[in-house]
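# Survey of secondary and tertiary structure
Here are the chains, one letter per residue:
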Amino acid sequence: MSTDPLQPLDDPDHPVLTMSQAAELLGVQAAFLRSLDSGGVLHPTRSPGGHRRYSRAQLRIAARVRILLDDGHPLSSAQVIVQLQDDLADAVADADAARDERDAARRERDTAAE
C-alpha cells in the first residue's frame, strides 16, 4: 500500500509555498511577509537552506492582516484583532458543540423516560 506523495498538499498547515510564491498570491511585496515574520504574526517554516516556507493557513492570516493594515490599523493592533477573531470563532464553535451535546442528552433522557 503506497502513500500518495501529494497528500501533504491537501493539508492547509503544510508549508509548501516559497516567499515569492506567497507574496505573488497575496499581491504584496516580500518585505510585507518578512515584517509579519519579524513582528511575530507569522512563523514560517524554514527550509534546510534557511528559506521561509508558508502554508495556506498562514497566507489566510497574512491576507486578514493586510486588510486590517489597509484599513489603517497598526501591525500590533491587526495582530490582536486577528487573534481575537480566531478566539471568538473557537468560543462560538465550542458553545455550539456544547449546545448540541446538551440537546442530545435531553433527547436521550426524554426517550428513556418514555
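The following paragraphs examine the structure supplied in this document.

### Overview of helix H2 (residues 30-38)
What H2 keeps buried is the set Phe32, Leu33, Leu36 and Asp37. Mapping the buried residues of H2 onto a view down its axis gives an arc of 140°, with all of them on the same face. Looking at the buried residues of H2, the elements they touch are helix H1 (19-26), strand S2 (45-46), strand S3 (52-54), helix H3 (56-70) and helix H4 (75-113). Immediately beyond the C-terminal end of H2, within one or two residues, lies Gly40, with a positive phi of roughly 80°.

### Some points on the sheet that holds S2
Taken together, the three strands give an open sheet; going across it, the order is S1-S3-S2, and neighbouring strands pair in antiparallel fashion. Both edges of this open sheet fall to strand S1 (17-18) and S2, since each of them pairs with a single strand only. The sheet contact formed by S2 and S3 spans two bridges and is antiparallel. Bridge pairing in S3 places Arg46 opposite Arg52.

### Comments concerning a nonpolar patch on the surface
Nonpolar side chains collect at one region of the surface, where Leu6, Leu9 and Val16 lie side by side and expose about 260 Å² of accessible area between them. Within the fold, Leu9 resides in the segment before S1.

### Some words on the pattern of salt bridges
Following the criterion strictly, the structure yields seven salt bridges and no others. Residue Asp37 is joined to Arg46 by a salt bridge in which the shortest nitrogen-to-oxygen separation is 3.4 Å. Note on Arg46: relative accessible area 45%, which makes it partly exposed. As a salt-bridge pair, Asp70 and Arg66 come within 3.8 Å of each other at their nearest N and O atoms. In this pair, Asp70 and Arg66 both sit in helix H3, four residues apart, roughly one turn of the helix. Among the residues examined, Asp70 registers a relative accessible area of 57% and is labelled exposed. Owing to a relative accessible area of 32%, Arg66 belongs among the partly exposed residues under this scheme.

### Here we look at the nonpolar core
In this structure, Leu33, Leu36, Leu42, Tyr54 and Ala62 are the most contacted members of the largest nonpolar core, which totals 18 residues. Of all the secondary structure elements, the ones that give two or more residues to this core are H1, H2, H3 and H4.

The rules we used
- Residues numbered from 1 in each chain as written.
- Predicted model: local features only at pLDDT ≥ 70, side-chain atom pairs only at ≥ 80, totals over all residues.
- Heavy atoms only, no water.
- Buried < 20%, exposed > 50% of the residue type's maximum accessible area, 1.4 Å probe, protein only.
- Helix = DSSP H or I, 4+ residues; strand = E, 2+ residues; numbered from the N terminus.
- Arc of directions from axis to C-beta.
- Contact = heavy atoms within 4.5 Å.
- Pairing = 2+ DSSP bridges.
- Patch = residues over 30% accessible without salt bridge, like charges linked within 9 Å, V, L, I, M, F, W, Y side chains within 5 Å.
- Areas by Shrake-Rupley, 256 points an atom, 1.4 Å probe, with all protein chains shown as cover.
- Salt bridge = Lys/Arg side-chain N within 4 Å of Asp/Glu carboxyl O.
- Core = buried A, V, L, I, M, F, W, Y, C linked by side-chain atoms within 4.5 Å.

Coordinates in, geometry out; function isn't part of it.
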